[in-house]
Amino acid sequence: MLLAIIVEGKNDRSRLRRLLDENVGILCSYGTPGTESLARLKKKIGDIPVFIFTDNDPSGKKIRALLSDTFPDAEQMYTRRGYAGVEGTPEEYLIQQLEKAGLEEYIIYPSPALPSITE
């Protein structure tokens, strides 16, 4: 694991896993993390770069604040208000946020749709 992205839950992790190679660890806070959960995340991540990608809702903002206290140097990534969290965000927007964070080398870009052949 060369870097870590912390998301809220397993559906968020699954959504991002399809877009990122195996060098990126995608870890879950599983909701609002307590002291022990934060300590486990800190130990697991160690000194590698950390990115926080939570939903743009009150719960996501609370989780982001707790994670930011634990990982003060973490890069912040955001979903757009109105999307159903990271798991409900369109891939194109997720890719834009990953690129904005400088993670292009880790992105697995979807294959462009092949044009249909009609006779």
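1. With respect to the nonpolar core
Across soluble globular proteins, you tend to see nonpolar side chains buried next to one another.
And then number 1: Residues I5, L16, L20, F53, M77, L98 and L103 are the most contacted members of the largest nonpolar core, which totals 20 residues.
And then number 2: Residue assignment for this core shows that the elements contributing at least two residues are β1 (3-7), β2 (24-28), β3 (50-54) and α4 (91-100).
And then number 3: Once you skip the residues sitting within four places of it in the chain, L103 turns out to touch L3, I5, F51, M77 and L98.
And then number 4: In this structure, L27, L41, I45 and I63 belong to the second largest nonpolar core, which totals twelve residues.

2. Details of the confidence of the model for the chain
And then number 1: Predicted confidence across the chain gives a mean pLDDT of 92, with 94% of residues reaching 70 or more.
And then number 2: Taking the mean pLDDT of every element in the chain, the minimum, 92, falls on strand β4 (residues 75-78) and the maximum, 98, on β1.

3. Topic: unusual backbone geometry
And then number 1: Even without a glycine there, the phi angle at Y30 is positive, about 50°.
And then number 2: Within the secondary structure, Y30 sits in the loop between β2 and α2 (35-45).
And then number 3: Accessibility expressed as a relative area gives 56% for Y30, which makes it exposed.

Calculation notes
Residues numbered from 1 in each chain as written. Predicted model: local features only at pLDDT ≥ 70, side-chain atom pairs only at ≥ 80, totals over all residues. Heavy atoms only, no water. Core = buried A, V, L, I, M, F, W, Y, C linked by side-chain atoms within 4.5 Å. Buried < 20%, exposed > 50% of the residue type's maximum accessible area, 1.4 Å probe, protein only. Helix = DSSP H or I, 4+ residues; strand = E, 2+ residues; numbered from the N terminus. Contact = heavy atoms within 4.5 Å. pLDDT = per-residue confidence, 0-100.

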